Structures are given as structure tokens and as C-alpha cells.
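This is what each chain is made of:
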Amino acid sequence: MCNIWQNPTKKEEEITAKDLKILPNFKFVNITGGEPFVREDLGEIVELMFTKSPRIVISTSGWFEDRVIDIAKHFPNIGIRLSIEGMKAKNDELRGREGGFEKGVRTLRRLREMGIKDVGFGITVSNHNSADMLELYELAKELDMEFATAAFHNSFYFHKYDNVITNKDEVTSNFMKLIEMQLREPHPNSWFRAYFNHGLINYIFSQKRLLPCDMSFDTFFIDPYGDVMPCNGTKDKEVMGNLNEQSWDELWNSEKAETVRKKVRCCDRDCWMIGSVSPAMHKYIWVPVFWVLKHKFLYFFKKKKYSMYENKIVRNFRDGKVSKEELDACSTCECCRKKG
């Protein structure tokens, strides 16, 4: 699913908090990994980034429970998102660590008891855990916490090129159930998360993104070495510049950065990850709003508000007009593309 753990960074080559001082201000910052809490200077990075942005969210496995709690004590406005890959048995199986699920849930409860408001967890759906996604959603509601979803992707950053959903019927059917539940929630945030999950079904069927990708134009990704990139979802590493080699204005307006932006405009990976989709949903707000209005209100009197068979490609797959092999050949899985 992800091989970052097999390719650890070299601590002596990593950037530090002082290297981030040249960054501009942001609306939002996500600190991710690997595992951010491996870093002993994470507190310094968070402190510096809070001078740049009003909202910072750290994505973590939750394994370093005491470090998570310590950060929250020092920064009560911090956001924490734990990655949980299923209920107890499935999560510990996929994570390869017994007790990971219980430790994660315990950490979430402790954060809530401390009064930390921006707390939640999410699942990366693969071929093996989509049924658990529905149980996790119910757990999130029980705990009154945010619940995020993703599907596994391929990229240089994940050190994976062979991820592909093979049991499309099962996985997308479970996403359809989740969307239906979210549309029946009273909170608008849930309705827009339903739209995001609708996009994940579209992604699993190897279709074009529902929204344009503007990564490298108004959003970017920084790796542990200070390389600035459009995102972490590209096949090869696409570097716009490095924080240690030039000022921010020089980097952002460089010829190298413009070359990368041209590649982004021609990118055919059609990723659907929250890092690129969330800003696009805000920028092109009328698209998800129309979808929500249609499914939440125009279908008010319908017993079932959503069906993935609204999407033509899903109907064609069901009716045998397009094969699994043809769809997989359009995915980012290198093995499938070669076969196709």
C-alpha cells in the first residue's frame, strides 16, 4: 500500500524549523509523513508554522501516544488526524503492529478529554478494508470526531507503482453506502465529504478528475530535504526549487517552477487526494454545491439519495461493456498499464 517506511530519510540531511522561516503565510498547513512524530524537533516546526498559518493539522499513526499528547498540551489549537486502516483486527493486520488500533483510539479519547477540538481519524481504503470503513464511520459519529477517507495511490513519494483496486464492485459499493449515510447527516460538512467520496469512486474507475488540479499554483508540498514540489502524487519527483538555495519569491517565480506548472497542466494521473481536492472544492465551489443540492434536496423525496450507477462508466462496467483490465490499464498502476 505504501513503502515510505522502507525508505527512511537521513536525519542529517533534513531541513529544520529555521529553514521554514522563508515561507509565506498560509490558510492551512498539513504536516504529514511517514510519521511526523519521529522527529524530535516537531514542536519547533509547529511553533514556527503557527506564525505562518492559523490552522495546522498533523497526520499520524498515533503510535507515539505520549508525543502526540505533549504536542497538544503545548499547542491546544493543533489539529490531529490519526490514520486507522480498519477496526482492531484489520488495522493491526495491515499496520503490522498489534495494539495499534487500541492505542490510536485511546489517543483520540485523551485528546478530546484535554479539550482539543480539531481531532479526527481517517482510513486509506485498499482491497482489504472497505467494509471496515463503514464501521469506522459509525465509530467516528459515536466519538463525535472528523472522519476522512482516501484510496491508495501510486507515486514516487509512496515508493509504490502497483497499487490498484482489484475488487472494484465491493469497494465502490461500500463507498456508495458511506455516501448515502453522509447525505442523510444533518451537517453540511458531511454532504461535501459525500461529494469527495463520490470522486473516489470516479478515481477507482480510472476516470478524469471531477475538478481541475491547481497544485503548484496555489498549493504545494515540501519534502524533508526542503525540495518544493506541486504534490506528492506524481510518478517522478518534480522539483520547483529548494528552500536552502533561494528566497521564496525567487523559487516561486523561477523558470524551474514554471516548467513544473506546465507539467501539472498536462498531468494525466487524475489523483483524488484531499490535499489537492479540498482547495479545488473551495476554488470551484459551484461544482460540489450543485452536486450536493441535487442529491440532498432535489432528491428529497427519494428513498435513496445516491447511486454510483449515475456514473456512466460504472454502468458500463456492470453491464460488461468495459472490462476490469481496460479500466486498470487507465490507472496509475505501472503493471496494469504495461499489460494494457
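Check the entry above for the structure.
Residues numbered from 1 in each chain as written. Predicted model: local features only at pLDDT ≥ 70, side-chain atom pairs only at ≥ 80, totals over all residues. Heavy atoms only, no water.

### Remarks on the side chain of Glu 65
Moving on, step 1. Among the structural elements, Glu 65 can be located in helix H2 (residues 65-74).
Moving on, step 2. A polar contact of 3.0 Å, which involves the side chain of Glu 65, links it to the side chain of Arg 110.
Moving on, step 3. Setting aside anything within four residues of it in sequence, one finds Glu 65 in contact with Lys 103, Arg 106, Thr 107 and Arg 110. (Helix = DSSP H or I, 4+ residues; strand = E, 2+ residues; numbered from the N terminus. Polar contact = N/O pair within 3.5 Å; in protein donor to acceptor, adjacent residues only side chain to side chain. Contact = heavy atoms within 4.5 Å.)

### What about the pattern of salt bridges?
Moving on, step 1. The final tally for this structure, using the stated rule, is 27 salt bridges.
Moving on, step 2. One salt bridge in this structure joins Glu 180 and Arg 184, with 2.9 Å as the shortest N-O distance.
Moving on, step 3. For Glu 180, a relative accessible area of 12% gives the class buried.
Moving on, step 4. Linked through salt bridges whose partners overlap, the residues forming this network are Glu 65, Asp 66, Arg 106 and Arg 110. (Salt bridge = Lys/Arg side-chain N within 4 Å of Asp/Glu carboxyl O. Buried < 20%, exposed > 50% of the residue type's maximum accessible area, 1.4 Å probe, protein only.)

### Here's the deal with the environment of Ala 280
Moving on, step 1. Among the secondary structure elements, Ala 280 is positioned in helix H10 (residues 274-283).
Moving on, step 2. Distance from Ala 280 to Lys 302, taken between C-alpha atoms, is 29 Å for residues 22 residues apart in sequence.
Moving on, step 3. Setting aside its immediate chain neighbours within four residues, Ala 280 contacts Arg 209, Leu 211 and Pro 212.

### Notes on the sheet that holds strand E7 (residues 227-229)
Moving on, step 1. Reading across the sheet, the 3 strands line up as E6-E7-E8 and stay open at both edges, with antiparallel pairing between neighbours. Unpaired on one side and paired on the other, strand E6 (221-222) and strand E8 (241-242) mark the two borders of the sheet.
Moving on, step 2. In this sheet, E7 lies alongside E6 in antiparallel orientation, the contact comprising 2 bridges. Note on E7: the bridge partner recorded for Ile 222 is Val 228. (Pairing = 2+ DSSP bridges.)

### Comments concerning helix H5 (residues 130-143)
Moving on, step 1. Its 14 residues place the ends of H5 20 Å apart at the C-alpha level, agreeing with the 20 Å of an ideal helix rising 1.5 Å per residue.
Moving on, step 2. By the burial criterion, the buried members of H5 are Ser 130, Asp 132, Met 133, Leu 134, Leu 136, Tyr 137, Leu 139, Ala 140 and Leu 143.
Moving on, step 3. Summarising the contacts, the buried residues of H5 are in contact with helix H3 (88-95), helix H4 (100-113), strand E4 (119-125), strand E5 (146-151) and helix H6 (168-183). (Expected span 1.5 Å × (residues − 1).)

### Here we look at unusual backbone geometry
Moving on, step 1. In this chain, Gly 33 is followed by Gly 34 through a cis amide linkage whose omega measures 5°.
Moving on, step 2. Mapped onto the fold, Gly 34 is located in the loop between strand E1 (29-31) and helix H1 (42-49).
Moving on, step 3. One non-glycine residue with positive phi stands out, namely Ser 216, at about 85°.
Moving on, step 4. Relative to the helices and strands, Ser 216 resides in the loop between helix H7 (188-204) and E6.
Moving on, step 5. Its identity is not glycine, yet Asp 270 carries a phi of approximately 50°, on the positive side.
Moving on, step 6. Looking at the element boundaries, Asp 270 is found in the loop between helix H9 (255-265) and H10.
Moving on, step 7. Here Asp 270 falls in the buried class, since its relative accessible area comes to 17%.

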